[in-house]
Amino acid sequence: MFWRGVLGYLPVNIAQGVVGLLTIVLFTQILSPAEYGIYALAFSVLSLTQTAFLTWTEAAMARFLARADEDGRLPDHFATLYRLWILTALAIPVLATVVLRFWPMPPALKVAIAAAFAAAAVKSLAKMSQERRRAAGEVSGAALLDVIQTVGGFALGLVLALWGLGGAAPIMGTGAVALLCLVFVLPTDLKRLKGGTFDKAMAKAYAAYGLPVAFSLILALVLSTTDRFLLAAFLDESAVGVYHAGYSLGSRTLDVVFIWLGMAGGPAMVAALERGGQPALEDSAREQADFMVLLTLPAAVGLALVARPLTEVMIGPALREGAAGVTPWIAASGWLSGVTTYYLLQAFTLGRRTTMLSVCMAIPAGANLALNLILIPRFGLSGALWATTASYALGAIAAGVLGRQACALPIPWEALARTGLSCGLMAAVVLALPDIGGLFELILKAGLGAATFGGAALLLDAGGARARLAVITRRFRTA
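Residues numbered from 1 in each chain as written. Predicted model: local features only at pLDDT ≥ 70, side-chain atom pairs only at ≥ 80, totals over all residues. Heavy atoms only, no water.

**Q** So, the nonpolar core: which residues are in play, and what are the values?
**A** A general tendency of soluble globular proteins is for nonpolar side chains to be buried together. Judged by nonpolar contacts, the single largest core of 121 residues is most densely connected at Ile-113, Ile-171 and Trp-335. Here this core gathers at least three residues from each of two domains, domain 1 (1-212) and domain 2 (237-343 + 412-478). (Core = buried A, V, L, I, M, F, W, Y, C linked by side-chain atoms within 4.5 Å. Buried < 20%, exposed > 50% of the residue type's maximum accessible area, 1.4 Å probe, protein only. Domains from an automatic or database assignment.)

**Q** Any details on the confidence of the model for the protein? Residues and values, ideally.
**A** Looking at the protein as a whole, the pLDDT averages 82, with 87% of positions reaching at least 70. Mean pLDDT values for the elements of the protein range from 48 in helix H1 (residues 2-8) up to 92 in helix H6 (residues 91-102). Contacts from residues 1-6, a stretch scored under 50 in pLDDT, to residues over four places away or in other chains number 18 contacts. (pLDDT = per-residue confidence, 0-100. Helix = DSSP H or I, 4+ residues; strand = E, 2+ residues; numbered from the N terminus. Contact = heavy atoms within 4.5 Å.)

**Q** Which residues make up the packing of aromatic side chains, and what values go with them?
**A** Per the stated rule, a full pass over the model turns up 8 aromatic pairs. With 6.2 Å between their ring centres and 50 degrees between their planes, Tyr-39 and Phe-43 make a pair best called tilted. Within this pair, Tyr-39 and its partner Phe-43 are both found in helix H3 (residues 33-53), separated by 4 residues, close to a single helical turn. Tyr-39 gets classed as buried once you look at its relative accessible area, which sits at 4%. Classification of Phe-43 by relative accessible area gives partly exposed; the value is 34%. (Phe/Tyr/Trp six-rings, centres within 6.5 Å; stacked < 30°, edge-to-face > 60°.)

**Q** Account for the pattern of salt bridges, naming residues and giving values.
**A** Under the defined criterion, the tally for this structure stands at 8 salt bridges. Among the ionic pairs, Arg-73 bridges to Asp-199, the shortest N-O distance being 2.7 Å. Here Asp-199 lies in the loop between helix H9 (169-191) and helix H10 (200-234) and Arg-73 lies in the loop between helix H4 (55-70) and helix H5 (74-89), a separation of 126 residues in the sequence. Among the residues examined, Arg-73 registers a relative accessible area of 29% and is labelled partly exposed. (Salt bridge = Lys/Arg side-chain N within 4 Å of Asp/Glu carboxyl O.)

**Q** Please provide a residue-by-residue account of the side chain of Glu-58, values included.
**A** Along the chain, the position of Glu-58 falls in helix H4. For Glu-58, the side chain forms a polar contact with the side chain of Gln-50, separated by 3.2 Å. Setting aside chain neighbours within four positions, we find Glu-58 in contact with Gln-50, Ser-124, Lys-127, Met-128 and Glu-131. (Polar contact = N/O pair within 3.5 Å; in protein donor to acceptor, adjacent residues only side chain to side chain.)

**Q** Can you lay out the side chain of Thr-80 for me, pointing to particular residues and giving the numbers?
**A** One can find Thr-80 in helix H5. The exposure class assigned to Thr-80 is buried, which follows from its relative accessible area of 0%. Setting aside its immediate chain neighbours within four residues, Thr-80 contacts Thr-197, Phe-198, Asp-199, Met-202, Ala-203 and Tyr-206.

**Q** I'd like a rundown of the packing of H3 against H4, residues and numbers included.
**A** Packing of H3 against H4 leaves a shortest axis separation of 4 Å and a crossing angle of 60 degrees. Viewed along their axes, H3 and H4 adopt a mutual orientation that is oblique. In contact with Gln-50, Thr-51 and Phe-53 of H3, H4 contributes Thr-55, Trp-56 and Glu-58. By residue class, the composition of the contact of H3 with H4 is 2 nonpolar, 3 polar and 1 charged. (Axes fitted to C-alpha atoms, helices over the stretch in contact; angles between N-to-C directions. Parallel < 35°, antiparallel > 145°, perpendicular 65-115°, else oblique. Nonpolar A, V, L, I, M, F, W, Y, C, P; charged D, E, K, R; others polar.)

**Q** Could you give an account of unusual backbone geometry, naming the residues involved and the relevant values?
**A** One non-glycine residue, Asp-461, lies in the positive phi region at around 55 degrees. In this fold, Asp-461 is placed in the loop between helix H18 (438-460) and helix H19 (465-478).

**Q** Describe helix H7 (residues 107-135), with residues and values.
**A** For H7, which comprises 29 residues, the first-to-last C-alpha distance of 42 Å matches the rise-based estimate of 42 Å (1.5 Å per residue) to within 8%. Remark: Gly-137 follows H7 within two positions and exhibits a positive phi of approximately 80 degrees. (Expected span 1.5 Å × (residues − 1).)

**Q** Could you give an account of a nonpolar patch on the surface, naming the residues involved and the relevant values?
**A** On the surface, Ile-86, Leu-87 and Leu-90 cluster together into a nonpolar patch covering about 310 Å² of accessible area. Classification of Leu-87 by relative accessible area gives exposed; the value is 53%. (Patch = residues over 30% accessible without salt bridge, like charges linked within 9 Å, V, L, I, M, F, W, Y side chains within 5 Å. Areas by Shrake-Rupley, 256 points an atom, 1.4 Å probe, with all protein chains shown as cover.)

**Q** Please set out the environment of Tyr-36 residue by residue, giving values where relevant.
**A** Note that Tyr-36 resides in helix H3. Along the primary structure Tyr-36 and Ile-24 are separated by 12 residues, whereas in three dimensions their C-alpha atoms are 9.9 Å apart.

**Q** Run through the packing of H7 against helix H8 (residues 139-162), naming residues and quoting values.
**A** Contact geometry of H7 with H8 gives a least axis separation of 8 Å together with a crossing angle of 150 degrees. In terms of their interaxial angle, H7 and H8 are classed as roughly antiparallel. Each of Ala-126, Ser-129, Gln-130, Arg-133 and Arg-134 in H7 lies in contact with H8, whose residues at this interface are Gly-141, Ala-142, Leu-145, Asp-146 and Gln-149. In terms of residue class, the contact of H7 with H8 is built from 3 nonpolar, 4 polar and 3 charged.

And the structure:
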């Protein structure tokens, strides 16, 4: 199931990767640093709103669909979840009214924040449909819905930005395309409620599972967005724009890979545990962990090594210089965050110990807030970077230690050691190359670095690289 998902969600991975890079390249060219900062703040509000109010219903849709299907209660499952969604979604316009009325902000930021509140509800309803497909094993349907929203939202946002709507444009594009998707998928999904009734016992079970998950995700967003709000408070929107440009370049590049693996890995581990118990789970988890390390660790190290020429190619001149110093730190933070979110924290959902998940996430979130309050006033942008990396490192340690109490997952120490050594050899080669700047330097360092890592990984058999290469070779020969 894991490898079927990996292959099935590959188009999503490609679309998210291309769109993520184009978002950075084009919006940093079209938007001013202040407008890009407004976009960053509005995007944070969108993410926080959706997570705080609605993500718990999305999580329950994914986790309990298989059980409801086995029990022959799918109509009750859908009827219960959609009613819960409606009840919680009603809080969003109330919150939006309070924020927009009483939070003093410039008009451009107010428009972007209003668009963020509206987009949060629409995106969540589309996410419910996507999670239903993903949990049911409808890989192509879930992937198509994701690709349309990703590509369409970016394209429309770009048009609106060129039209002069500033930092609100990407948010408006995202929300409008999600709404368009709902026109096609929502009627079919609502038909699944036919014959179903709201079940209080189901609702209680869904809340007991989903609310702690949502709270932990809120803490994760606090961890990843607090720095932007504090930079805006202590500095200005332009500083937020510089920070977000470098942050996006570092984190989105890695997020694409982690999300891709997570789409396939989460359901595969649940299925292994449900069907084969702990031994089957350990086999599935070990395979995923080795492959995750093999793909993501060299990506993070490579990103840090080519940060300066990459920002020269990818980011607009107004944001380029500052972003180059941000990217290496965020590459480290992004790798720690991805491993924690898409592997270590799975122990709590697999063991249905989601309350512990919240406790685990509170540790780095609290540390990040405290460190940012201490370091940003004294060191500015650098202080935010140091705080972020230290907090994610603390979060990974907490997840690894506490997760074993919920559901023990194997730690891929051997894959980490061999892949880390291969990355060290790659770094030695790249650092020895001259700094000539621009696209040529990026191609030279990325190409030689990738070749060095590939050769070292095969020589050391890092993460089972030889066996994976043999499988790929056989598939091409038989194709």
